[in-house]
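Analysis of the macromolecular model
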Amino acid sequence: MAEAVVSIALETLRDLLLEEARFLSGVSKEAKGLEKQLKEIQCLLQDADRRKHESKTVLNWIAEIKDLTYRSEDAIEAYAFHVSSRRGWASNFKHLRQRFSRALNHIASEISEVRSEIARVSKSMQEYGIRSIIQRESSSANPCDQNQQWKRQTFPFEIFEDCFVGKEDELKQLVSLVVDQDKQNRVISIWGMGGIGKTTIAKKVYNHIETKHRFECFAWVCITQQCQIRSVLEEVLKQLISHKREDITKLSKAELIQQLCEIQKAKRCMVVLDDIWEIDHWAGLKHAFLFEGSSSKVLLTTRKQNVAAVGFPFELELLNIDDGLELLINKAFPHTNIPDFPFEEKWLQKVGKEMVCKCGYLPLVISLLGGILSKRKSLKEWETVNQNINAYLYKGDEIEKENEIHAVLNLSYEDLPYYLKPCFLYMGQFREDDTILVNTLYRLWIAQGMILHEHQENEDDTLMDVAELYLSELASRCIVQVEVENVIRETKYRSFKLHDVVRDMCLSKGTKEGFCCHVINPDRNRPITSLLLGTKTLRHLAVDFGSEMEIRRDDDQLRITTSHDQDTGKHVRSLQFLNDLRGKTIEFPENVVDFHEFKVLRVLVFQNFNFSGRKLPRGFGNLIHLRYLRFQNCAIDELPSSIANFRYLHTLSLRGCWNVRVPNILKKMIRLKHLLLPSYNTRLVGNYRLRLEGLDELETLSGFNSLVHDLKSVTRMKNLRRIRATVHDKQSLWTIIDAINTYWKNLRPCALLIANGCQFTSTEEGVMILERVFAYPHLYDLRINVKIGNLLEECENQVIISKIRTLFLFDRRIEA
């Protein structure tokens, strides 16, 4: 995780150093020196981060490096902002120039101090012999590692019969695949998230009566993350020819593989390789199993989709609610023991199903909860567990096993490459059961600097493309659940969600890693007051008005404040105010938060709020580090002109808002890439016009309305990927069509609404326009709300071969 923090800071420095003349005059030497220091220490952190659990000294150094890295990033950005803001001042503003000169000197001093601190920590690490510590710990077998590896070992038998519920159909399919003599499916891969029951169902297949009848020899080996290829092959051979165990260790690698091949040619063998983590592990093992003349079958279990792809992939699903309830009852009342307290069947069904839902239908969690309930001897105790499930599952003293849920899921987290860890932890701030559009997630990741340029595979790839690769990797590891996009084929996914158990791990792991993503749930039924942020390392905060939590009450409003003795606001990098109270909006008082206290904020989100006086809170214009600003379904009259200070703004989203006046200063936002405009009632906004000019870096333009927006400099928008536009006049329509076919060469799926006012004066003109529209290959959504008569018939050939997936014809004046 520390390596990821340094990488993010290096991304910021990279961006600013590319524009050194504009932003870093005066401190470019310090900035380059800082970059060099961070690169040097990053190499050290690659090893240190892996060994932090074994050395408190290493852990403390990593924490200190993280804090210094955040400081350096903030200081460099602040300096760049002040330099860019100073340009263009009149020479007679002497007092202003002097004041900003002092500010720049102060920031430059901060950069220099950070560099000295990094040098001090680095020197301390070297003098202490950090490399020798890491190498010594890496080479020696750590007892904790040995214990964890032993606990993860699996075997094909159970001392006590395990509950097996809801997987009967999947078991039947798997047994059929295993005993089938079709040699095309020599390898079958069971895959799914941790705790979903891969090993359990593999045991059922392994011990199934049809499997025993079909095969003559059997072997079960648990791989785990520390896969030793030779040891695995030796263990397989020992189990297949148990009478020659003593000679196997003396075989060379070639002899070992030869004997494995010979036994599999002579006899039908069933081999289970449980818990394979890397495709490279299979690459080292496959030569002993995939060869001509073998009648053996190999059953793999894995959490990763790419590993599963080496054979016939069989994905396990979560339990449905009825099967989940059956599993819960079986675990709560083992051996069909009748509980010694009275209950009604309807009550058990109701409470049990509530618990299954809270467990997210994951068999591991349901089983552990059933174990807790087996020790509860009254209805009241069951109700208490139901109301406090998280406390019992994740903090209860009854689950020794080091919190088995997190222990299982933690393996998936620790296996992530360094750059995916912060992306994964950031997901924890989304609400339980929330389905999030992937483009929203991608932009948030980018705003936090989590998407690295080094992973751009092609010159034309954007950071959004890289973000999609990141999500693909998380999905392939069964850490997140994704919904595949079925309409826009150029986009791989539409939305994602986190399993509740995974989300809980995100929050707890984030606290341990210093990432500190915190979600606050004010009580929906009471007036809310002051909320004091007292955590020094709090970096990501979401205030969710969609759930319940008691907060100290003094008056009728909520205040987000920081502890003055700790100044915690300086750490917060994302702040989200979320309201999902059945679609209702909440009044957001003007003094609810003072943004002067949040000096390094990068992400700010408001969802479903009415603003007091329809104005924004104090200090809003001072958020100079802001990258991402979203008002979703909010009631606000206008954005202040101070948003011109948001020089680093990457995304400005007003989707779902109405009639918001945006000042004509967008051209000052030279880094703006995603602009999502509000909807407008043109009768209410009068003569208001927004000039869309100077947006050379724009990749997304959504909500364009030709009655309100002037589309300027289209020839310079060469990076535009997506556009969603409404046109009310032919000139705007021609401008967009011409730009699509001439300048916007990188455009991907887009949507166009031809609305009232865009009338075709003749059939010839209408045919010419519509043929051009239908000819564009990336137009997937076309809506026509004007009289078109028989124009569709005239354009029949072009319509048939067009790439349009969705066509809406609102006007009924269509001639048959």
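Remember, it's a predicted structure, so these values are computed and weren't measured experimentally.

1. Things to note about the overall build of the chain
Of the regular secondary structure elements, the chain holds 30 helices and 26 strands. Burial analysis of the chain (816 residues in total) assigns 54% to the buried set. The long-range fraction of contacts in the chain, counting pairs at least 24 apart against all pairs at least 6 apart in sequence, stands at 70%. Working note: accessible area of the chain is about 37700 Å², and carbon and sulfur atoms make up 47% of it.

2. Details of the side chain of Glu-468
In this fold, Glu-468 is placed in helix α24 (residues 463-476). Of the side chains bearing the opposite charge, Arg-722 lies closest to the buried Glu-468, which forms no salt bridge; the N-O distance is 6.2 Å. If we skip the residues at most four places from it in the chain, Glu-468 touches Tyr-442, Thr-491, Lys-492 and Tyr-493.

3. Looking at the packing of aromatic side chains
Using the criterion set out here, one finds 19 aromatic pairs in the structure. Between Tyr-206 and Trp-220, the aromatic rings sit 5.4 Å apart at their centres with planes inclined by 85°, giving edge-to-face as the arrangement. With a gap of 14 residues between them, Tyr-206 in helix α9 (residues 198-206) and Trp-220 in strand β2 (residues 217-222) connect regions that are remote in the sequence. Taken as a pair, Tyr-206 and Trp-220 share a single burial class, namely buried.

4. A few points about the nonpolar core
Counting 98 residues, the largest nonpolar core has Phe-424, Met-427 and Trp-445 as the members making the most contacts within it. When residues of this core are assigned to their parent elements, the largest contribution, eight residues, is made by α24. Apart from residues no more than four positions distant in its own chain, Trp-445 is found in contact with Cys-423, Tyr-426, Met-427, Met-450, Ile-451, Ala-467, Tyr-470, Leu-471 and Leu-474. Membership of the second largest hydrophobic core comes to 84 residues, among which are Tyr-680, Phe-704, Leu-747 and Val-773.

5. Some words on the pairing of strand β1 (residues 187-191)
Taking burial as the measure, the five residues of β1 include five buried ones, the bulk of the element. On β1, burial covers both faces: Val-187, Ser-189 and Trp-191 on one face and Ile-188 and Ile-190 on the other are all buried. Bridge analysis of β1 against strand β4 (residues 297-302) gives five bridges, and the strand direction is parallel. Bridging across to β4, Trp-191 finds its partner in Thr-302.

6. Here's the deal with the state of the cysteines
Scanning all chains against the criterion turns up zero disulfides. The structure places no disulfide on Cys-634, whose sulfur is separated from the nearest cysteine sulfur, that of Cys-657, by 5.1 Å.

7. Points about the packing of helix α8 (residues 168-179) against α9
The description of two packed helices rests on the angle between their axes and on the distance between the axes. Direction vectors running N to C along α8 and α9 enclose 50°, while the axes themselves pass 10 Å from each other. Relative to α9, the element α8 is oriented oblique. By crossing handedness, the relation of α8 to α9 is classed as right-handed. In this structure, α8 contributes Glu-170, Leu-171, Leu-174, Val-175 and Val-178 to the contact, and α9 contributes Ile-201, Lys-204 and Val-205. By residue class, the composition of the contact of α8 with α9 is six nonpolar, no polar and two charged.

8. Remarks on the sheet that holds strand β3 (residues 269-276)
Read across the sheet, five strands follow the order β2-β3-β4-β1-β5 without closing on themselves; strand pairing throughout is parallel. Each having just a single partner strand, β2 and β5 (312-315) make up the two edges of the open sheet. Put simply, the sheet's adjacent strands are angled 15° from each other on average, direction ignored.

9. Here we look at the packing of helix α27 (residues 730-742) against helix α28 (residues 763-775)
Two elements in contact, α27 and α28, have axes whose closest approach is 10 Å; the angle formed by their N-to-C orientations is 35°. α27 and α28 meet at a crossing whose hand is left-handed. On α28, the residues that touch Lys-730, Leu-733, Trp-734, Ile-737, Asp-738 and Asn-741 of α27 are Glu-765, Met-768, Ile-769, Arg-772 and Val-773. Split by residue class, the contact of α27 with α28 holds six nonpolar, one polar and four charged.

10. Describing the confidence of the model for the chain
Counting all residues, the mean pLDDT for the chain is 77, and 74% of those residues have values of 70 or more. By mean pLDDT, strand β10 (residues 530-533) is the weakest element of the chain at 44, and strand β18 (residues 651-653) is the strongest at 97. Overall, residues 547-559 carries pLDDT values under 50, and its contacts beyond four positions in sequence, including any with other chains, amount to 48 contacts.

11. Considering the environment of Glu-110
Residue position: Glu-110 is located in helix α5 (residues 94-127). Note: C-alpha distance between Glu-110 and Ser-72 (38 residues apart in sequence) is 8.1 Å. Leaving out residues up to four positions away in the same chain, Glu-110 has contacts with Arg-71 and Ala-75.

Calculation criteria
Residues numbered from 1 in each chain as written. Predicted model: local features only at pLDDT ≥ 70, side-chain atom pairs only at ≥ 80, totals over all residues. Heavy atoms only, no water. Helix = DSSP H or I, 4+ residues; strand = E, 2+ residues; numbered from the N terminus. Buried < 20%, exposed > 50% of the residue type's maximum accessible area, 1.4 Å probe, protein only. Contact = heavy atoms within 4.5 Å. Areas by Shrake-Rupley, 256 points an atom, 1.4 Å probe, with all protein chains shown as cover. Lys, Arg positive; Asp, Glu negative; His and termini not counted. Salt bridge = Lys/Arg side-chain N within 4 Å of Asp/Glu carboxyl O. Phe/Tyr/Trp six-rings, centres within 6.5 Å; stacked < 30°, edge-to-face > 60°. Core = buried A, V, L, I, M, F, W, Y, C linked by side-chain atoms within 4.5 Å. Pairing = 2+ DSSP bridges. Disulfide = S-S within 2.5 Å. Axes fitted to C-alpha atoms, helices over the stretch in contact; angles between N-to-C directions. Parallel < 35°, antiparallel > 145°, perpendicular 65-115°, else oblique. Left-handed = near helix turned anticlockwise from the far one by under 90°. Nonpolar A, V, L, I, M, F, W, Y, C, P; charged D, E, K, R; others polar. pLDDT = per-residue confidence, 0-100.

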